[in-house]
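Residues per chain are reported as follows:
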Amino acid sequence: MEAAVSTNTTTEPLSIVEQLKSYADSNKISISVLAKEIGLGRSTISKYVNGAYGSDTANIDKRVAQFLSKHTGNIINLPIAAAPKTSQKPRFYESRDAKAVLGVCQSCQEYASMGVVIARSGRGKTYSLREYAKLPRVAYIECGGSMCRSDIVHSIENALGLPRGRGTVWQREETIFEFLNYNKGYLLIIDEADKLINNGKFSKIELLREIFDHSNVGMVFAGEPEITVQIQTYFDRMENRIVFQAELKGLLPSEVEEYLSDFDITPEAMTEFKERACGMRRSCFRLLDHTLSNVQRILEGSADQTITARVLEQASAMMML
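The residue count restarts for each chain, going from 1 along the sequence in the order it is written. In view of the model being predicted, local features appear only for residues whose pLDDT reaches at least 70, and side-chain atom pairs are presented and counted only at 80 or more, with totals across whole chains, interfaces and linings using the full set of residues. As a convention, hydrogens and water are excluded, and side-chain values are obtained from all of the structure's heavy atoms.

*Asks:* Lay out the overall build of the protein in plain terms, naming residues and giving numbers.
*Replies:* Helices and strands together make up the secondary structure of the protein, namely 15 helices and 5 strands. Taken across its 321 residues, the protein has 45% of its residues classed as buried. In this analysis, two residues are considered to be in contact whenever any of their non-hydrogen atoms come within 4.5 Å of each other. For the protein, the share of sequence-separated contacts (at least 6 apart) that also reach a separation of at least 24 residues comes to 70%. Just so you have it, the protein exposes about 17,500 Å², and 50% of that area is on carbon and sulfur atoms. Starting at the N terminus, helices and strands are each numbered in turn, a helix being any DSSP run of H or I of at least four residues and a strand any DSSP run of E of at least two. When accessible area is computed with a 1.4 Å probe and restricted to protein chains, residues below 20% of their type maximum are described as buried, those above 50% as exposed, and intermediate ones as partly exposed. Computed with a 1.4 Å probe, the accessible areas rest on the Shrake-Rupley method; for each residue, only the protein chains presented here act as cover.

Given below as structure tokens:
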């Protein structure tokens, strides 16, 4: 007698992602429609179904399970939840503006040239300049309206790692010339340079021109839009030295989505984020970044990491305090 052959096979239950894909395929529903009905962003659902969502998916799993239960009538078992992961904003985000700033800095340093970065307050000028200043042979100083010529020289000495000089301002400048000519390849970043021009007086800018002319060094001036008028009002010998220039335009809506891609955000909240970053009302990168920082404080330790319009309201209230 032949032995009986078992034909029983164990079928693994479909994962919640596979069930969502099956439902979408069967009903010919696009990712966009699916995202809208679930109440999440299109990019979030796209990454989720393709296994490319980098953060914890527990909150998305819950919403998808509710959606599938409602539309199929089946009981959807959620996967065993892992410890919630707190999403993080990028340490440094290379927007088109940031790339423009980095490009000007790199070119000025490589060719020992002079450049200008122009930006309205909050568009990420200083954010990008400080990132570039982490590189070797880059000295960054931030100017203030009350600085005198001696203060500027001291800031440059400090940024270059030189001891505070003695003697006249000119004598201390000569020490800087010698250092930069011996240690070639340096870049000096002069942030908030527009604050150095007071009541039509250009002596502080003239000091920096002297350093540029007497040293083998690149130099980038950065400031508010009026800096271009100020430089043009100054002598031709300043304007004709400028080789590279970037004027920051602000974030694009697509860049806002990319900046926030690690977060679970409802469509309404994403719309509000875009308004804060690139709308017409005092919108800027700084407002987006500060808002997101407050949102992270609100959600810290919470099991539900979804950013909703309500969470944004709470974040705004914190900024008004």
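*Asks:* So what's going on with the sheet that holds strand β3 (residues 186-191)? Residues and values would help.
*Replies:* Each pair of strands is called paired provided DSSP finds at least two bridges between the two strands. What the 5 strands build is an open sheet, ordered β2-β3-β4-β1-β5; its pairing is parallel. Of all the strands in the sheet, just β2 (138-142) and β5 (242-247) have a single pairing partner and so form its edges. Neighbour-to-neighbour, the strand axes of this sheet turn through a mean angle of 15°, independent of strand direction. For helices, the fitted line uses only the C-alpha atoms of the stretch in contact; every axis is such a line through C-alpha atoms, and the angle between N-to-C directions lies from 0 to 180 degrees. Helix α7 (residues 149-160) rests against β2 and β3 of the sheet, and its axis sits at about 145° to β2.

*Asks:* Help me get a handle on the packing of α7 against helix α9 (residues 203-214), residues and values and all.
*Replies:* Here α7 crosses α9 at 40°, and the two axes come no closer than 9 Å. At the point where α7 passes α9, the crossing takes the right-handed sense. For the pair α7 and α9, the contacting residues are Arg149, Ile152, Val153 and Ile156 in the first and Ser203, Lys204, Leu207, Leu208, Glu210 and Ile211 in the second. Taken together, the residues of the contact of α7 with α9 sort by class into 6 nonpolar, 1 polar and 3 charged. By definition, turning the near helix anticlockwise from the far helix through less than a right angle yields a left-handed crossing, and turning it clockwise yields a right-handed one. Side-chain classes are defined by residue name, with Ala, Val, Leu, Ile, Met, Phe, Trp, Tyr, Cys and Pro counting as nonpolar, Asp, Glu, Lys and Arg as charged, and the others, Gly among them, as polar.

*Asks:* Describe the pairing of β3, with residues and values.
*Replies:* Burial runs high along β3: 6 of the 6 residues are buried. Direction of pairing for β3 relative to strand β4 (residues 217-223): parallel, over a ladder of 5 bridges. Across the sheet, residue Leu188 finds its bridge partner in β4, namely Met219.

*Asks:* So what's going on with the pattern of salt bridges? Which residues, and what values?
*Replies:* Throughout this description, the term salt bridge denotes a Lys or Arg side-chain nitrogen within 4 Å of a carboxyl oxygen of Asp or Glu. The final tally for this structure, using the stated rule, is 13 salt bridges. Of the charged contacts, one joins Asp191 and Lys125 as a salt bridge, the two residues approaching to 2.8 Å between their closest N and O atoms. One end of the pair, Asp191, is in strand β3; the other, Lys125, is in helix α6 (residues 125-132), and 66 residues separate them in sequence. Asp191 gets classed as buried once you look at its relative accessible area, which sits at 0%. Here the salt bridges share partners, and the residues they tie into one network are Arg91, Glu131 and Lys134.

*Asks:* Explain the environment of Ala65 to me, using residue names and the numbers behind them.
*Replies:* Looking at the secondary structure, you find Ala65 in helix α4 (residues 58-72). Accessibility expressed as a relative area gives 6% for Ala65, which makes it buried. Placed 45 residues apart in sequence, Ala65 and Leu20 show a C-alpha to C-alpha distance of 8.7 Å. If we ignore the near neighbours within four places in the chain, the residues touching Ala65 are Ile16, Ile76 and Leu78.

*Asks:* So what's going on with the packing of aromatic side chains? Residues and values would help.
*Replies:* Side-chain rings of Phe, Tyr and Trp, where Trp is taken by its six-membered ring, are said to pair if the distance between their centres is within 6.5 Å; with planes under 30 degrees apart they count as stacked, over 60 as edge-to-face, and otherwise as tilted. With the rule as written, the count across this model stands at 8 aromatic pairs. With 5.5 Å between their ring centres and 90° between their planes, Tyr23 and Phe67 make a pair best called edge-to-face. Of the two residues, Tyr23 sits in helix α1 (residues 16-27) while Phe67 sits in helix α4, which places them 44 residues apart along the sequence. A single burial state applies to Tyr23 and to Phe67, both of which are buried. Judged by centre distance (5.7 Å) and plane angle (70°), the rings of Tyr259 and Phe285 are edge-to-face. Of this pair, Tyr259 sits in helix α12 (residues 253-259) while Phe285 is found in helix α14 (residues 285-299), placing the two residues 26 residues apart along the sequence. The same class applies to Tyr259 and to Phe285, which are both buried.

*Asks:* Which residues make up the environment of Ile197, and what values go with them?
*Replies:* Among the structural elements, Ile197 can be located in the loop between β3 and α9. A relative accessible area of 15% places Ile197 in the buried class. Counting along the chain gives 33 residues from Ile197 to Gln230, while the straight-line C-alpha distance between them is 7.6 Å. When near neighbours in sequence (up to four residues on either side) are disregarded, Ile197 contacts Phe202, Ile205 and Gln230.

*Asks:* Please provide a residue-by-residue account of the nonpolar core, values included.
*Replies:* Ranked by size, the top nonpolar core spans 32 residues in total, and within it Leu160, Leu188, Ile190 and Phe221 carry the most contacts. If you list the elements that add at least two residues to this core, you get β1 (114-118), β2, α7, α8 (169-182), β3, α9 and β4. Considering each element in turn, this core owes the most residues, 5 residues, to α9. The criterion is simple. A nonpolar core is a set of buried Ala, Val, Leu, Ile, Met, Phe, Trp, Tyr and Cys residues joined through side-chain atoms within 4.5 Å.

*Asks:* An account of the side chain of Asp191 is needed here, citing residue identities and associated values.
*Replies:* Side chain to side chain, Asp191 and Thr126 meet in a polar contact 2.7 Å long. Any N or O atom pair separated by 3.5 Å or less is treated as a polar contact, with the protein-specific requirement of one donor-capable and one acceptor-capable atom, and with residues adjacent in sequence counted only for side-chain atom pairs. Polar contacts involving the side chain of Asp191 include one to the side chain of Tyr140, which spans 2.6 Å. Leave out the neighbours within four places in its chain, and Asp191 touches Lys125, Thr126, Leu129, Tyr140, Ile141, Glu142, Cys143 and Ala222.

*Asks:* Let's hear about α7: which residues, and what values?
*Replies:* Taking 1.5 Å per residue as the helical rise, α7 with its 12 residues ought to reach 16 Å, and the 17 Å between its terminal C-alpha atoms agrees with that figure. Every buried residue of α7 is listed here: Ile152, Val153, Ile156, Glu157 and Leu160. Looking down the long axis of α7, one finds its buried residues gathered within 140° of arc, a one-sided arrangement. On the buried face of α7, the contacting elements are β2, α8, β3 and α9. Phi turns positive one or two residues past the end of α7, at Gly161, with a value near 80°. For a helix, the expected span equals 1.5 Å multiplied by the residue count minus one. Our arc is simply the arc of the directions from the helix axis toward the C-beta atoms.

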